[in-house]
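Close look at the chain arrangement
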Protein chains: 2
Amino acid sequence: MIDHLILSNDNKIIFLILDGLGDIPDPAHSHRTPLEAANKPNIDSLAVERGVLGRTIPVGVGITPGSGPGHLSLFGYDPEEYEIGRGILEVLGLNMEIRAGDVTARGNFCTVRDNVITDRRAGRIETELGQELCARLASAIPTIDNVEVLIKPGVSHRFGIVFHGEGLSDEIEDADPHKDGRPFVLPAPKNPQAKRTASVIGSFMKKALEVLKGEPKANGILLRGFSKRPDIPLFPEKYRMESLAITTYPMYRGIAKLLGMKVEKEPRDYGESVSILRDHYGKYQFFFMHIKETDVAGEDGNFEAKVEAIEGVDKIVPDIYALKPKVLVITGDHSTPCALKGHSWHPVPFLIVADTGERDGIAFHEKNCVRGSGGTIYAKELMTLAMAYGLKLDKFGA
Amino acid sequence: MIDHLILSNDNKIIFLILDGLGDIPDPAHSHRTPLEAANKPNIDSLAVERGVLGRTIPVGVGITPGSGPGHLSLFGYDPEEYEIGRGILEVLGLNMEIRAGDVTARGNFCTVRDNVITDRRAGRIETELGQELCARLASAIPTIDNVEVLIKPGVSHRFGIVFHGEGLSDEIEDADPHKDGRPFVLPAPKNPQAKRTASVIGSFMKKALEVLKGEPKANGILLRGFSKRPDIPLFPEKYRMESLAITTYPMYRGIAKLLGMKVEKEPRDYGESVSILRDHYGKYQFFFMHIKETDVAGEDGNFEAKVEAIEGVDKIVPDIYALKPKVLVITGDHSTPCALKGHSWHPVPFLIVADTGERDGIAFHEKNCVRGSGGTIYAKELMTLAMAYGLKLDKFGA
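This part is about the overall build of chain A. For chain A, the count of helices and strands is 13 helices and 15 strands. Computed over C-alpha atoms, the radius of gyration of chain A comes to 23 Å, within 12% of the 21 Å expected from 2.2 N^0.38 for 398 residues, which places it in the range of a compact globule. When the backbone C-alpha atoms are referred to their principal axes, chain A occupies close to 70 × 55 × 40 Å. Taking all 398 residues of chain A together, the buried fraction comes to 57%.

Next up on the list: the interface of chain B and chain A. Accessible area lost upon the coming together of the parts serves often as the stated size of an interface. Counting residues at the interface gives 24 residues for chain B and 26 residues for chain A. A buried area of about 1900 Å², summed over both sides, lies between chain B and chain A, and 67% of it is on carbon and sulfur atoms. Counting across the chain B and chain A interface gives 0 salt bridges. Where chain B touches chain A, the interface holds 5 residue pairs in polar contact (both at pLDDT 80 or more). Only β14 (375-378) and α13 (382-389) of chain B provide two or more residues apiece to the side of chain B that touches chain A. Element by element, the count of residues in the side of chain B that touches chain A is highest for α13 of chain B, at 4 residues.

As a further point, take the sheet that holds strand β11 (residues 262-263) of chain A. Residues and elements named next belong to chain A. Spatial strand order, β11-β10-β12-β1-β13-β14-β2-β15: 8 strands in an open sheet with mixed pairing. Each edge of the sheet is formed by a strand with only one pairing partner; in this case those strands are β11 and β15 (375-378). With 5 bridges connecting them, strand β10 (residues 243-247) and strand β12 (residues 286-291) associate as parallel partners. Its bridge partner being in β12, Ile-246 is matched across the sheet by Met-289. Set on the sheet, helix α9 (residues 270-279) makes contact with β1 (13-18), β10 and β12; between it and β12 the angle comes to about 175 degrees.

What follows concerns the relation of the copies chain B and chain A. Superposing chain B onto chain A takes a rotation of 122 degrees combined with a translation of 0.0 Å along the rotation axis, leaving an RMSD of 0.2 Å. The relationship between the two copies is best expressed as a three-fold rotation axis. Across chain B, the smallest distance between a C-alpha and the rotation axis is recorded for Arg-371 of chain B, namely 3.8 Å.

Glancing now at the packing of helix α3 (residues 67-74) of chain B against helix α8 (residues 250-258) of chain B. Residues and elements named next belong to chain B. It is at 11 Å that the axes of α3 and α8 come closest, and there the two elements cross at 45 degrees. In terms of orientation, α3 lies oblique with respect to α8. As α3 packs across α8, the resulting crossing turns out to be right-handed. Across the interface between the two elements, Ser-67, Gly-68 and His-71 from α3 touch Met-251, Tyr-252 and Ile-255 from α8. Among the residues forming the contact of α3 with α8, the class breakdown is 3 nonpolar, 3 polar and no charged.

The terminal C-alpha atoms of helix α6 (residues 195-211) of chain A, which comprises 17 residues, lie 24 Å apart, in line with the 24 Å expected from a rise of 1.5 Å per residue. For α6 of chain A, the complete set of buried residues consists of Thr-197, Ala-198, Val-200, Ile-201, Gly-202, Phe-204, Met-205 and Ala-208 of chain A.

We now examine the packing of aromatic side chains. This model, assessed by the stated rule, comprises 25 aromatic pairs over all chains. Seen in terms of ring centroids, Phe-75 of chain A and Phe-288 of chain A are 4.9 Å apart; in terms of plane orientation they differ by 80 degrees. Their pairing is edge-to-face. Of the two residues, Phe-75 of chain A sits in the loop between α3 (67-74) and α4 (86-93) while Phe-288 of chain A sits in strand β12, which places them 213 residues apart along the sequence. For Phe-288 of chain A, a relative accessible area of 0% translates into the label buried. Ring geometry for Phe-15 of chain B versus Phe-286 of chain B: centroids 5.1 Å apart, planes at 55 degrees, classification tilted. In this pair, Phe-15 of chain B sits in strand β1 (residues 13-18) while Phe-286 of chain B sits in strand β11 (residues 286-291), placing the two residues 271 residues apart along the sequence. Of the residues examined, Phe-15 of chain B reaches a relative accessible area of 0% and is grouped as buried. On the accessibility criterion, Phe-286 of chain B (0% relative accessible area) is buried.

Turning our eyes to something else, we now look at the nonpolar core. Counting residues in hydrophobic clusters, the biggest one holds 55 residues, and the most contacted among them are Phe-15, Phe-235, Phe-286, Phe-288 and Ile-352 of chain B. Among the elements that make up this core, the one with the highest residue count is α13 of chain B (7 residues). When near neighbours in sequence (up to four residues on either side) are disregarded, Phe-15 of chain B contacts Leu-74, Phe-286, Phe-287, Phe-288, Met-289, Val-329, Leu-382, Met-383 and Ala-386 of chain B. Membership of the second largest hydrophobic core comes to 46 residues, among which are Ile-17, Val-162, Phe-350 and Ile-377 of chain A.

Rules behind the numbers
- Residues numbered from 1 in each chain as written.
- Chains lettered and ligands numbered in written order.
- Predicted model: local features only at pLDDT ≥ 70, side-chain atom pairs only at ≥ 80, totals over all residues.
- Heavy atoms only, no water.
- Helix = DSSP H or I, 4+ residues; strand = E, 2+ residues; numbered from the N terminus.
- Rg over C-alpha atoms; globule rule 2.2 N^0.38 Å.
- Buried < 20%, exposed > 50% of the residue type's maximum accessible area, 1.4 Å probe, protein only.
- Contact = heavy atoms within 4.5 Å.
- Buried area = accessible area lost by both parts, 1.4 Å probe.
- Salt bridge = Lys/Arg side-chain N within 4 Å of Asp/Glu carboxyl O.
- Polar contact = N/O pair within 3.5 Å; in protein donor to acceptor, adjacent residues only side chain to side chain.
- Pairing = 2+ DSSP bridges.
- Axes fitted to C-alpha atoms, helices over the stretch in contact; angles between N-to-C directions.
- Least-squares fit on C-alpha atoms with pLDDT ≥ 70 in both.
- Parallel < 35°, antiparallel > 145°, perpendicular 65-115°, else oblique.
- Left-handed = near helix turned anticlockwise from the far one by under 90°.
- Nonpolar A, V, L, I, M, F, W, Y, C, P; charged D, E, K, R; others polar.
- Expected span 1.5 Å × (residues − 1).
- Phe/Tyr/Trp six-rings, centres within 6.5 Å; stacked < 30°, edge-to-face > 60°.
- Core = buried A, V, L, I, M, F, W, Y, C linked by side-chain atoms within 4.5 Å.

Below, the structure written as C-alpha cells:
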C-alpha cells in the first residue's frame, strides 16, 4: 500500500522497543500494571506534552505471538505472510552467519539407547561439555556430501547448525520424536525436492552417532525447525530509510540483520545504547533500540523487576529525545504479563511522541492506551503510522 | 489461523448468550439502555472484579444479522463464508432431523385462484388447520420419484419440508412469486445439475394442489429458501472442546446440533438451565447457554420486559460462576433495540470474566463497553479471544 507513497527525507524515527512491555493489572499491586506502577517522569512528561497513545494487536485478536512474528509486525511486515523459522531464530540467536540458501536447525544433544531416545536433553549436560562436543563434531564432520556444516554451541544441551551448499531445501520434517521413549529418527523430506537434503542431513546425524559413541549421556543429536532465510523485502529499501539496530540480545540483532538493518556493536548497558545512538545519529533515519529486561522480568513473573526495567529506560529517555527525533515510538513487540509468566495475546500499549500528533495529554500505560487517539491497531500498521507522523508519506490518490 | 494453535485442556468456557442483548439509549428511560437500567448486582460485581468489556460487530459495520449469521459469528465462523439457508433454519426450528444431502425449504399454505396466488398466507389459517393439512399431504404424498418427503407444521400457514433422496440439489429458485396477485410458480433450477430436483419438487407441488383442491383458503403451497445442511466444520473438532448447548428455543438447539454440539433436554426455566449445566459440567469444556427473552422483549419494543429478563438472568449468574469456569462470556448474538422493535446493526456489548484479563473495573453496559479493553472486534473473533483467556491457544511462530 505505502510503497509508492514513501518520501525520502532525513526526519528521524526511533523505535524504543521494550520487549514484552504489555501487562495486566496485578491484584497484589493495587490492580496496577508494571507500566502504571513505574515511576517514569520523563516518559510521562513526553506522553502528556506531545504523546499519542494507542494499542497494537501483534498478530490477531487473541493470538499470542512468538518473538519472530512480534518483531516482523512491528517493522510493518504481515506476520502471517512472512515467517522466520525456529532454526533461523536459533542460529541468529547464536550470532551465526546465514547466507542465502543455507538450511538451519535447532539442535539438541540427546541420550540414545538401543535406537530409542531415552532423554531428549541428554540429562541437561553442562554448557562446557556441549561446547566440547560441538567442537568435536565440527572437526570430525566439517562437510558431508559437499555440504558445509557449521555448528555452534548454545546453553547446556543446545546448539545451532547451518548447512551450506547448493540446492538445499528446508522442507524437512523434524528429526526429533518430540517425546522421550520413542525411536531415534532421521529427517524425512516433505516433498521429492527435499529428498537429497534430508539424506545429507541424515548422513550427518548417523556420523554424529559414531563421533559421540563413547559419551555416557550425550551420545546422539536431534535436529528440528529446519528453515531457510525467509525471502523478505529489506527494511531500508522498503521504507527508504538507512536503519540502525541497537540491541543487547543476539536474537534481535539477528532479526535486524535479516531485515537488512545495520547492527552496531552490542551495548553493555542502556547508557551505551544511547552513546551508540548519538554517535551514529547523523547517518541513519530509523533506529531500532531493543530492551530485553522487561520481557525477562515478565517471564519470571517478577513485577518489581519489570517496574525497575521500565524505570531504568525512563532515565535514558531524555538523552534520546535530546537528539530531537521527528518521531519517538515507545512500545513492545508483545505483552508478557507477570501473572502469566509468558508471552500473551493482550494488546500492547504504544506511545508515539511527535509534534504532528493528536496530543492525548495523559500518562503512558495500558489503561490510558485503551482510550488513546491512536486506537487499537494491528502492529503491522504501526510503521505506517510512524512514517505518517514523521511526514514521510505522500498523499494517496489525486 | 488458530487451527494449529489449539491446546486441548479441561479449562471450561461458558457462553451465556442473551439473544438480542444490545440496545440503544431510550429517551423515555433517562437515555439509559435496558442493560444499563437493569439492577444486576451479580453480573456487575463480576464485571468490576474480573471483567474485560468490549463490543462485537456481528457481521460487518452497519449490517443487521439474522439469527443464523449472528450465532455462526459467535461460534467463530465467518458468516460471509458459511451460510445457513432459510429452509434449514425453518426445519431446524421445527426440530426436524436433517441428513447430509437433504434439501429443505420453508413452506406456506396459500390461496390459488385460476393459477394466480391471491393470498400468500391463505388468510393466516389457524395452526390446527395447518397441522391437519400437513398430515393430509404427508399421508397422500410420502414419496415422489423415489424422493422421501417429510413435512412438519409450524404456526398458522407455515410449515417446514425436507426432501430426502440421492443426488438432490438446493440450487433452485423460490417457488413463490413473493407478492400476491402473481401467477403460481413451480421451482426453477439455477443450473442444469438442479434440473431433476426442481422437477421432483415441482411434481410434489402439483400433487399438493390436487390433495388440497377442496380447501376454501389453503388450496396451494409455496416453497422458498431451498437449502442443504451447510458443509461446515464441527465446533467440537474445530476447537477441540466437548460442547454442550442448553437452550429453550428449538431454532438455537438446531443451530447447535448443526455445529455438532451435544444438546440436552429443553430447560423449562433459567433454574433448570443451571441444573443441566451443573449436572453435565464435568464432561464438557464448552457450554452454550441461550436466553431468548431479551430478544422477544426487544422485538416487542418492551423496555421493562427486557430489563426484567436481564435481571432474571442476573439471579442465576452466581450459580453459574460457582462452577468456576476459566472463562465466562456474557453477550448477545446481535442487538434488538426496543426502539426499533427488531434486530439491528448496533455493536453488541460483551463481558469476559476471567482471571487472565485486563480487569476494566466497570459495570457491564453498552456505554462502558465502548471504552473496554476488549475493544470493538468482529464477533467471529470472540471465540479466539475466549480461547486465549482460557489458555487454550499456543504461541504463534517461534
